[in-house]
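So the chains spell out like this:
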Amino acid sequence: MYMNKVWRLAAPWMALLVGLWSSQADAGIFWIFDPKGVMADTNLKYMIIDVLVMGAIVGITALLVVWFMWRYHKGKNRGSYHPEWSHSNAIEVVVWGIPIVAVGFLAYFAVKGTFELNPYNPTVITKNMTPQSQRVDVDVIATDWQWLFVYPQYHMAVANELVLPVDTPAFFRLTSTSVTSGFFIPQLVGMIDVMPGMRTKNALYTTHVGEYQGICSDYAGAGTSWMTFKTKIVPQAEFTQWVQQVKASPKIMTEASFDRYAEPYINVHHRVAYFSQVPDGLFDHVMMEVMDGKTWPIPPMMTENMVAYMAKQSAEHRD
Amino acid sequence: MLVDLPGGWNPLLGRLAWSQIPYDNPILAPLFVAVVLGGIAIVALITYYGKWGYLWKEWLTTVDHKKLGVMYIIIGLVMLFRGFVDGMMIRTQQAWAVGPDSSGVFGALHGYLTPFHYGQVYTAHGLIMILLAATPLLVGFMNIIVPIQIGARDMAYPYLNALGLWITAAGAALIMASLFIGNFAHNGWFGYAPIFEIQYSPGVGVDYWMWTLQLLALGTTLGGINLLVTIIKMRAPGMTWFRLPIFVWASLSANIIALTSFPALQVALGLVAADRYLGAHFFTAGLGGNLMLYTNLFWIWGHPEVYFVILPAFGMMSEIFPVFSEKPLFGYITMVLASFAIAGVSWLVWLHHFFTMGAGPDVNSFFSVATMLVGIPTGVKVFNWAFTMYRGRLTFTAAMLWALGALFLLLIGGLTGMMLAIPAINYMVHNSVFVIAHFHSMLLVIVYAVFGSVIFWFPKVFGFKLDEFWAKTMFWLFTGGTVLVFVPMYMLGFMGMTRRLDYVFNTNWHPYLLVMEGGIVVYTLSVFAFFVLLYVSIRDRVKNRVGADAWGTSRSLEWLTHSPVPFYNFAVTPHVNARDEAAWRRANGIAAVQPAKYVDIHMPNNTPVALYIGALTFVLGFALTWRIWWLCLASLVAIIVLMIVRSYRGDPGYIVTAAELERMEREAIARERQVDGSAGEPVVGGAPAVGRPAMAYERSDLPKTSTPPSMGPGAHH
Ligand code: HEM
Ligand SMILES: [Cu+2]
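All values derive from a computational prediction rather than experimental measurement.

Enquirer: An account of the sheet that holds strand 3 (residues 156–159) of chain A is requested, with residue identities and associated values reported.
Expert: Residues and elements named next belong to chain A. The mixed open sheet is built from 6 strands, whose spatial order is 8-5-1-2-3-11. With one partner strand each, in any of the chains shown, strand 8 (200–204) and strand 11 (273–275) form the two edges of the open sheet. Strand after strand, the sheet turns through a mean of 20° between neighbouring axes, direction not considered. Relative to strand 2 (residues 147–151), strand 1 (residues 136–142) runs antiparallel, the two sharing 4 bridges. Across the sheet, D139 pairs through a bridge with V150, a residue of strand 2. The sheet contacts of helix 7 (residues 282–291) involve strand 1, strand 2 and strand 5 (170–176), and relative to strand 5 the element is tilted by about 25°.

In structure tokens form, the structure reads like this:
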């Protein structure tokens, strides 16, 4: 039979998929299912609620359809045939009622979750804080195609690596010099747009020491794929030590050197740089400059030929 | 020049120069040679068989809604194929360029596409699939089916209809031209602001993207106006609103969306043009520009657009299920309400495409709840299809399989859409491949519905059925591809993989990317199955001939006229008695009754003007892209002159006489009787036959022929 052939062909592929899933499901590679911070935890909580509700409806509907397909298959004489039947008030009430109730129920959680994870004031973090609570502030400046993390409390900055103390809420202000990029650490905090001439915020809090992947989640041009950064969550003592280490770096960032730093650069070799000094207010300075029309245009050749651009980049000793 | 452009410019050729031809590109150059050879071969074949006259008279200058619809569908299928090749390139790059150790060729660090080239491929893929595959396919079906379903002779404005087609074709030609002359945009199909600004995209790519979109928006708007007027004004007597076939309702709601939303896109792109051509600062980061304004404007069109394409697909499914369940659609009124509810809410949800923009929680909450409201009518539709099957008698023909596939995909797409609608979830998966998987589930609903419709309505348009075996084989292969590509894609979304990566930094994702590549291979097999399907069906066409009612259980009005549908659709405008007219007449034993007498009918003339204007819009788009100002002006003036000339001449149309009509009808009936004996002898005094002029005015001095004369702009009466 036709269908038998279809199944015979499809079965090995399905087995392969299931095999892949089960061989790796517990390896922690499903970042969204393996949150390590309060923000990401909350995201997952809402995902579970939503999938339970919607999954029940969708699942039951799918089963219903399959059952009808089986029962009313012509010639099998399993169900009775009513050639004119096309209306039933009771069913109409149910088919409108179920989605309305489900959406009403989910709407409550949608609003609640939006406030809990409001990037400007995520109550899942701030509700446990007092004005005296310890916190770390980080000013995030995205360029084409690097991240600069400025620690205003320590007057220092780090390129392409984010280090934060554990058990301490971290608050970000974010802006970009050129185009829109996205700040995303899948296991810690969801995405937020990082836009030129504008300031967004986000925050994270975690009790898990570890190293997490940060990603540029919005397409920002040729170097996006390499615009990743490691996020290290370290014990408080280790953090203090690390700050000392950065403060000892010979490199400093000035407004002039930032101008050069912000030129298009593809971070293929995952360069990390420590700047022991940063002028206060660099973040606002950059934002104001961009609003006044400053841009860091992309050399035309870069968009045409990447390999040649990489050669130029090394020739300029920017690696 | 008001803006600084890198590279040269000269008054004669604008930015065009030999260096813009990518003859040294290892992918494009061979492709170009193949295209040229293919083109020469086609031209040679047409010449050899002496078909130029036929092509000109029957297709290029036609205003017949069915032929225009067929051409829309051909454009849609060709572009679907082009988009598929783009998709294949994307998948191959991602399966290859994984991890720092992966190799690179053709100047790419990893894989075979440089980021800039890769960006062009996915930008073209998205734009093509939504605006040049899904849209023309659906517009094509609406064009063919809607007038027949409401008992009209043609669209309200046949010439406008042709114009819409040729402008769409011009858009397709423009995006194809970008392959070989210059390059295309890399800013994503929806355009990332401010990447499309001149500082970040100094080449012509963005200009190609922008003018292609403008042309397609224009063509679709013209088509939308036409369909709306047709549905409102051209219904046969007795075709009251609540007897309209459900596909017509779907088309009506879809085109209301199109007409109200496409202008937003055109304005947004007009402002982009101001930035790029006049040095304005609407969407720049500095100098008072606001880049999120673009994103808002785009999605104010973009979200309604996705419903513009899904609603007709829902309409198609609503036609297919009843026919193969052998009973009427469950909850007709509910279906209508649901379509309009979807259309209405679709204007209020655009912000869900950028919840992560950093709007406050009030704004995000509003758009979140509004988005979830769309889920209600969508859910209702699914339930109604299920209950259409309930108590039915189901035959699993290929068309039914495609419709069922669409239904299951809609369930998955709806589930994931409802996840994305909640900001607390969206923040984690927005801009990840999870979103890609969501909207491909949804867009595949359209593809499934379209293939179902191709099989379902093919016999109506061409008079013979497609081969069931190959149609089913194609279905299963296609479905295999869908599972293999999109199940891993959902998984990758949960692994945090973001979209648009041309280099994949996480090697854990590699196995999944390889499975997806396997899925692409299976998809490719289904493309072959489609070609075999066409070949086998055309080879066996005599065997597969059908009568008026191709499926034997058909329900709506289009199944009452002959297959293939004659150019005048119905010999006598039918009088409609019921919601499912064909089923009603069959039940009352008058399906085969022929009209008592024939009357003269009035048909529109052919015209090449639409083709000329379409070609000129291509020239205009090309000239704008390359900033060849004199050519812009010349083509614009030519377009305006042609429009004025044509407007003054009008189209008096021509008359098909009653006698001629009767002769053609007898022939058609005789042909059909050979097939299934369904059409009876002409019965005098049978069903009520009401003649009605198809056009707004009647004149007695018109040429009387049975083939449409052509009216060039210079011809005289
Ligand atoms: C139940 C109904 C639906 C809901 C609740 C829904 C929800 C959403 C949401 C919230 C997004 C934004 C995701 C993001 O970028 O973060 C989205 C994206 C998208 N949806 Fe849907 N959707 C629904 C139906 C559809 C339909 C019917 C289509 C069209 C065929 C569609 C096509 C798309 C497309 C094309 C995108 C993304 C475009 C892009 O970013 O490139 N959706 N959907
Ligand atoms: Cu949307």
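Enquirer: Which residues make up the interface of chain B and chain A, and what values go with them?
Expert: Contacts between chain B and chain A engage 90 residues on the former and 97 residues on the latter. Those elements that provide at least two residues to the side of chain B that touches chain A are helix 4 (115–149), helix 8 (291–325), helix 9 (332–345), helix 10 (361–389), helix 11 (398–420), helix 12 (423–429), helix 14 (468–494) and helix 15 (510–539) of chain B. Among the elements that take part in the side of chain B that touches chain A, helix 10 of chain B stands out by supplying 17 residues, more than any other. Class assignment of the residues belonging to the side of chain B that touches chain A gives a composition of 57 nonpolar, 26 polar and 7 charged.

Enquirer: So what's going on with the sheet that holds strand 7 (residues 189–194) of chain A? Which residues, and what values?
Expert: All names here are of chain A. Strand order in the open sheet made by the 5 strands is 4-10-9-6-7, with mixed pairing throughout. For this open sheet the edge positions go to strand 4 (161–165) and strand 7, each flanked by a neighbour on one side alone. Looking at each pair of strands side by side, their axes are set apart by 20° on average, direction ignored. Bridge count between strand 4 and strand 10 (residues 229–234): 5 bridges; the pairing is parallel. Residue V163 lies in a different strand from strand 10, and its bridge partner there is K232. Across the face of the sheet, helix 5 (residues 236–247) comes into contact with strand 4 and strand 10 while running at roughly 135° to strand 4.

Enquirer: Which residues make up the confidence of the model for chain B, and what are the values?
Expert: Residues and elements named next belong to chain B. Mean pLDDT over chain B works out to 90, with 94% of the residues at or above the 70 mark. Low confidence marks residues 678–699, where pLDDT is under 50. Its contacts with residues over four positions away, or in another chain, come to 50 contacts. Between residues 712–717, whose pLDDT stays under 50, and residues either more than four places distant or in other chains, the model counts 6 contacts. Reported for the predicted complex are a pTM of 0.93 and an ipTM of 0.93.

Enquirer: I'd love a proper account of the packing of helix 4 of chain B against helix 6 (residues 205–233) of chain B, names of residues and values included.
Expert: Residue and element names in this part refer to chain B. With their axes 11 Å apart at the nearest point, helix 4 and helix 6 run at an angle of 15° to one another. Accordingly, the angle class assigned to the pair helix 4 and helix 6 is roughly parallel. The way helix 4 lies across helix 6 gives a crossing that is left-handed. Residues Q120, T123, L127, L131, L132, T135, V139, M142, V146 and P147 of helix 4 form the contact with helix 6, whose own contacting residues are G205, W209, T212, L213, L216, T220, G223, L227, T230 and I231. Classifying every residue of the contact of helix 4 with helix 6 gives 12 nonpolar, 8 polar and no charged.

Thresholds applied
Residues numbered from 1 in each chain as written. Chains lettered and ligands numbered in written order. Predicted model: local features only at pLDDT ≥ 70, side-chain atom pairs only at ≥ 80, totals over all residues. Pairing = 2+ DSSP bridges. Helix = DSSP H or I, 4+ residues; strand = E, 2+ residues; numbered from the N terminus. Axes fitted to C-alpha atoms, helices over the stretch in contact; angles between N-to-C directions. Contact = placed C-beta atoms within 7 Å. Nonpolar A, V, L, I, M, F, W, Y, C, P; charged D, E, K, R; others polar. pLDDT = per-residue confidence, 0-100. Parallel < 35°, antiparallel > 145°, perpendicular 65-115°, else oblique. Left-handed = near helix turned anticlockwise from the far one by under 90°.

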